[in-house]
Amino acid sequence: MDLIIKNGTIVNSKESYVADIAVADGKIVSIAQDIQPVDGVKVVDASGKLVLPGAIDVHTHLAMPFGGTVSADGYFAGTRAAACGGTTTVFDFALQDFNENLVDTVKRRDALASPEAAVDYAFHVGVKDVHGDLLDSMEEAVNFGVPSFKVFMVYDFGVDDGVFYKVLEKAKECGGQISVHAENKEIIGMLTKRYLSEGKTSAWYHYKSRPEFVEAEADERAISWAKSLNTSLYIVHLANKAGVEAVTKAKDEGYEIYSETCPHYLHFTKEVYKREDGRNFVCSPPIKGQESQDALWEAIRRGDIDTIATDHCPFQSYEKDWGIDDFTKIPNGCAAIENMYPYMLSSANEGKVSYQKVVELCCENPARIFGCETKGFLSVGKDADIVIYDTKKDMTITKEAMHSDYDHTIWEGVKLHGYPIQTYSRGRLVFDNGDFVGEAGWGKFIKRVSRKK
Ligand code: DUC
Ligand code: ZN
Ligand code: ZN
């Protein structure tokens, strides 16, 4: 035995109770009342504190070439910040090159991540080319322990409807889980051209060119294809009310449709795009109106949102400034990797949802949907990815207090009630009272099980 966390309130999605947790060799080996330490075991008193599973952020873009630059957090900075926000597993998107086997895509990105990661990590593969036998390499990726793929309906690396459908069919056959970034590319293109030609170039027109229906229509279309194949589909960063309704309807009809939303859609509204610093909030899909935000919170409470993840993709101020006079030149993306779990837990502390619900959304459901068998739950045999949370510690988010490499954050000044005080990654302390105490290279590549297992 290496570590005992004593007297904390253990929170899983279905129950919470006071007990001790014992850890050996990175695993939880006992959860019981009054576990007695043996010589040399570190004992941490968690009386009055919550003891939570580490969060799993299934949506990040680290060191991502995008928008004419590369996102500001690489694998070390991003996972360091994750650890400091209680996130102990980070999923990144490995985007396929044209003509590249999908296992090679994973290996190419893993060569960057492996020496740098401070917490455990996994990949989804962003698919863009399925010609020849590349489609079959989806099955190779599943067998390699990477059973999840993403298609984009927008961007120059997006796929057309036919390719998306083929990918869905193949995933059904080989046990893959498909995620989709759903927005209507044609309408965005047309509206963008129109606004630019009218001299409407501020960040507000980023929202105006991608309003609610642009996302909803794509959600509905993507869901209808998954339904036609009776296969599963996971909608990333769901941000609009009509899309939520489409997900609810599909779930009610018995289809395996999952949805994820992100903290920025739950906290901010489209009004941020009218601010002088509106460009800093530019991400896609854009943040929507109050009605959509309310619908997201209601869907969380009903169980129609399955996961919270970040879409963490920060850029530096000078890069955001490229779009001062032209919203199309603003690199899309914002920071959140260190804020997701504290923000959701603070929402629980304020009574918006329960702590158990937050653990379900941020830990248990991501582990279940994406096949992380050893993560997301505090029970004997699981990895000792553990967060100690002080419900009484107040925190105001500032760029200085965060642990990323970005130079600004959209979360600046947001007040949280309660905050993580320690994070353990497989039993190793990686965050201690405000400080990162982990190391690059500690994080392991997590191979996962497929839906067909
Ligand atoms: N949206 C963003 O805002 N950034 C990264 C990729 C994406 O889909
Ligand atoms: Zn996206
Ligand atoms: Zn994304």
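These remarks concern the structure in this document. Residue numbers here run from 1 along each chain, matching the order of that chain's written sequence. Each chain takes a letter, starting from A, and each ligand takes a number, starting from 1, following the order in which they are written. In keeping with the model being predicted, local features are shown solely for residues with a pLDDT of at least 70 and side-chain atom pairs are shown and tallied solely at 80 or more, while totals for entire chains, interfaces and linings include all residues. Computation of side-chain values covers all heavy atoms of the structure but excludes hydrogens and water.

1. Let's talk about the sheet that holds strand β11 (residues 148–152)
- Pairs of strands are assigned from DSSP output, requiring at least two bridges between the strands. The helix count covers DSSP runs of H or I at least four residues long, the strand count covers runs of E at least two residues long, and both are numbered beginning at the N terminus. Strand order in the open sheet formed by eight strands is β6-β9-β10-β11-β12-β13-β14-β15, and the pairing between neighbours is parallel. Only two strands of the sheet have a single partner each, and these edge strands are β6 (55–60) and β15 (307–308).
- The pairing of β6 with strand β9 (residues 87–95) spans four bridges and is classified as parallel. Looking at the pairing, Ile56 lines up with Thr89 of β9.
- Two residues qualify as a contact provided that any one of their heavy atoms is within 4.5 Å of a heavy atom in the partner residue. Every axis in this analysis is a line fitted to C-alpha atoms, fitted for helices over the stretch in contact. Angles between the N-to-C directions lie between 0 and 180 degrees. Where helix α13 (residues 355–369) meets the sheet, it contacts β6, β12 (177–181), β13 (233–235), β14 (257–261) and β15, and its direction lies at approximately 65 degrees from that of β6.

2. Quick look at the packing of helix α7 (residues 212–229) against helix α8 (residues 241–252)
- For the pair α7 and α8, the least separation of the axes is 8 Å and the interaxial angle reads 20 degrees. Classified by the interaxial angle, the pair formed by α7 and α8 is roughly parallel. In this structure, α7 meets α8 at a crossing whose hand is right-handed. Here Ala216, Asp219, Glu220, Ile223 and Lys227 of α7 come into contact with α8, specifically with Ala242, Gly243, Ala246, Val247, Lys249 and Ala250.
- Gly is placed with the polar residues, together with every amino acid not listed as nonpolar (Ala, Val, Leu, Ile, Met, Phe, Trp, Tyr, Cys and Pro) or charged (Asp, Glu, Lys and Arg). For the contact of α7 with α8, the class distribution of residues is six nonpolar, one polar and four charged. Each angle receives one of four descriptions, namely roughly parallel if under 35 degrees, roughly antiparallel if over 145, roughly perpendicular if within 65 to 115, and oblique otherwise. Left-handed is the label given to a crossing in which the near helix is rotated counterclockwise from the far helix by less than a right angle, and right-handed is the label when the rotation is clockwise.

3. Examining the coordination of the zinc ion (ligand 3)
- Donors, by definition, are the N, O and S atoms found within 2.8 Å of a metal, the threshold being 3.2 Å for Na, K and Ca, and water is not counted, so a site can look incomplete. Distances from the zinc ion (ligand 3) to its protein donors, namely His59 (NE2), His61 (NE2) and Asp311 (OD), fall within the range 2.0 Å.
- All donors of the zinc ion (ligand 3) belong to a single chain; written as a sequence motif, their spacing is H-x1-H-x249-D.
- Between the two metal centres, the zinc ion (ligand 3) and the zinc ion (ligand 2), the spacing is 3.3 Å. Here His61, found in the loop between β6 and β7 (65–66), pairs with Asp311, found in the loop between β15 and α11 (317–320); they are 250 residues apart in sequence, far enough to count as distant. Grouping residues by exposure puts His61 and Asp311 together as buried. Burial status follows relative accessibility: with a 1.4 Å probe on protein chains alone, a residue under 20% of its type maximum counts as buried, one over 50% as exposed, and anything between as partly exposed.

4. With respect to the site of ligand 1
- By convention in this text, a residue qualifies as near a molecule or strand provided that one of its non-hydrogen atoms is within 4 Å of it. Residues in contact with ligand 1, as listed here, are His61, Phe66, Tyr155, His181, His237, Cys283, Ser284, Asp311, Cys313, Asn332 and Gly333.
- His181 is positioned such that a nitrogen or oxygen atom in its side chain is 3.0 Å from an oxygen atom of ligand 1.
- Shrake-Rupley sampling with a 1.4 Å probe provides the accessible areas, and residues are treated as covered by the protein chains on show and by no other component. Its free accessible area being 240 Å², ligand 1 has 100% of it covered by the protein chains.
- The class makeup of the residues in the shell around ligand 1 is four nonpolar, six polar and one charged. Counted as a polar contact is a pair of N or O atoms within 3.5 Å, where, for protein atoms, one must be capable of donating a hydrogen and the other of accepting one, and residues adjacent in sequence contribute only when both atoms are in side chains.

5. Examining the nonpolar core
- We define the nonpolar core as a collection of buried residues of types Ala, Val, Leu, Ile, Met, Phe, Trp, Tyr and Cys that are connected through side-chain atoms lying within 4.5 Å of one another. Counting 115 residues, the largest nonpolar core has Phe164, Ile178, Leu233, Tyr273 and Tyr341 as the members making the most contacts within it.
- Once residues lying within four places of it in the same chain are set aside, the contact partners of Leu233 are Phe164, Leu168, Gln177, Ile178, Val180, Ala222, Ile223, Ala226, Glu256, Ile257 and Tyr258.
- By size, the runner-up hydrophobic cluster in this structure holds 17 residues, among which are Val44, Ala384, Ile421 and Tyr424.

6. Here's the deal with the pairing of strand β1 (residues 3–11)
- Burial runs high along β1: seven of the nine residues are buried.
- Direction of pairing for β1 relative to strand β4 (residues 42–45): parallel, over a ladder of four bridges. Following the sheet pairing, Leu3 is matched in β4 by Lys42.
- As judged from the seven bridges shared by β1 and strand β2 (residues 16–24), these two strands associate in the antiparallel manner. By the bridge assignment for β2, Leu3 is matched with Val23.
- What sits between the antiparallel neighbours β1 and β2 is a turn of four residues.

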